[in-house]
Amino acid sequence: MKQQNKPFEIILFGPPASGKGTQAKLLADTLSIPHISTGALLRAVKSDNSNPLSKEVSDLMDNGKLVSDEMVSKIVETRLKNDDCQFGYILDGYPRTEDQVKYLDTISGIGYVFLVDVKDEVVIDRISGRRMCKNGHTWHIKYSPTEKEGICDSCGEALYIRDDDNKEKVKERLRIYHQNHDPVLNYYQNQNKLIRIDGNQHIEGVFQDMVKYLVDDLRSKLNTK
Ligand code: AMP
């Protein structure tokens, strides 16, 4: 692996509904480094009709398949060369395969690998209790219930369960998540780089735990110099 030469070269992992996206944004804003989501980068390729890769990416993403290691790694490599990455970045959605891990090792000096750790049962509970209205307001039958069951407090519209929020589909999403991520997480675990953060807390608690880890680590590095 390349030597860590930027203060904040960070990877953020977490299962669906772990709040990983929210944490990535908070951390990126606080540290003034970019949040680089490969899902977002690929969605931009997909919707750019002038891009020759648009159709290929679109077909794969629409079918829930992974884009090739080569393509996504090149896109990430190009993005990491941007000036805004001079103090580091937060990678979200990458690496997702062992080949991507190996490639990343050649182009970056990852210093921190955070996992927002949430148990499968909690993910299932969080997602399958979610209710939406047609205006996009989101509720949860246990954690943020509406006053009248089945009716949105904000706009009075009927609530429904999003098609991919049913229990069976959530289980399938988790199965794919583990299939892709477990070998990648094991790799970083074996390198003593994996930092598990308890994702069962409120947003603020998860965020504070990550910041505390970073501050403690920087302090101990300064002390040993
Ligand atoms: P995400 O927003 O991270 O769930 O990614 C959405 C979709 O983008 C995935 O289902 C894949 O099709 C594609 N994608 C994102 N990141 C990667 C990656 N690291 N490797 C391959 N495909 C990816």
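Our structure's up above, just so we're on the same page.
Residues numbered from 1 in each chain as written. Predicted model: local features only at pLDDT ≥ 70, side-chain atom pairs only at ≥ 80, totals over all residues. Heavy atoms only, no water.

Peer 1: Talk me through the overall build of the chain; I want residue IDs and the actual numbers.
Peer 2: When you go through the chain residue by residue, the secondary structure sums to 8 helices and 7 strands. Its C-alpha atoms put the chain at 60 × 45 × 30 Å along the principal axes. Within the chain, the proportion of its 225 residues that are buried is 40%. Nonlocal contacts in the chain, meaning residues at least 24 apart in sequence, comprise 68% of its contacts between residues at least 6 apart. When the accessible surface of the chain is summed, it comes to about 12,800 Å², and 50% of that surface belongs to carbon and sulfur atoms. Computed over 32 positive and 34 negative side-chain charges, the inter-centroid distance for the chain is 1 Å. (Helix = DSSP H or I, 4+ residues; strand = E, 2+ residues; numbered from the N terminus. Buried < 20%, exposed > 50% of the residue type's maximum accessible area, 1.4 Å probe, protein only. Contact = heavy atoms within 4.5 Å. Areas by Shrake-Rupley, 256 points an atom, 1.4 Å probe, with all protein chains shown as cover. Lys, Arg positive; Asp, Glu negative; His and termini not counted. Charge placed at Lys NZ, Arg CZ, Asp CG, Glu CD.)

Peer 1: Report on the sheet that holds strand 1 (residues 8-13), specifying residues and quantitative values.
Peer 2: Spatially, the 5 strands line up as an open sheet ordered 2-3-1-4-7, and their pairing is parallel. This sheet does not close on itself; its edge strands, each paired only once, are strand 2 (35-37) and strand 7 (194-198). Taking each pair of neighbouring strands and ignoring which way they run, the sheet shows an average axis angle of 25°. Here strand 1 runs beside strand 4 (residues 112-117); their pairing, made up of 4 bridges, is parallel. Within strand 4, the residue paired with Ile11 across the bridge is Val113. (Pairing = 2+ DSSP bridges. Axes fitted to C-alpha atoms, helices over the stretch in contact; angles between N-to-C directions.)

Peer 1: Describe the site of the ligand, listing the residues and the values that go with them.
Peer 2: Close contacts around the ligand come from 13 residues, with Thr38, Lys65, Val67, Gly93 and Gln100 the closest. Between the ligand and Val67 there is a distance of 3.1 Å, counted from a nitrogen atom to a backbone nitrogen or oxygen. For the ligand, whose unbound accessible area comes to 480 Å², protein coverage reaches 81%. Applying the majority rule of atoms within 2 Å of the grid points places the ligand in the largest pocket. It is helix 2 (residues 38-47) that provides the largest number of residues to the shell around the ligand, a total of 4 residues. (Near = heavy atom within 4 Å. Polar contact = N/O pair within 3.5 Å; in protein donor to acceptor, adjacent residues only side chain to side chain. 1 Å grid on protein atoms, 1.4 Å probe; cavity = no way out; pocket = protein on both sides within 12 Å on 5 of 7 lines; lining within 4 Å. Sits in = over half its atoms within 2 Å of the grid points.)

Peer 1: So what's going on with helix 3 (residues 54-62)? Which residues, and what values?
Peer 2: Turning to helix 3, its buried residues number three or more, namely Ser54, Val57 and Ser58. Down the axis of helix 3, the buried set is contained in an arc of 100°. They therefore lie on one face. Buried residues along helix 3 sit against helix 2 and helix 4 (69-80). In the segment just after helix 3, Gly64 is the residue with positive phi, at about 70°. (Arc of directions from axis to C-beta.)

Spatial relationships are all this shows, so hold off on functional conclusions.
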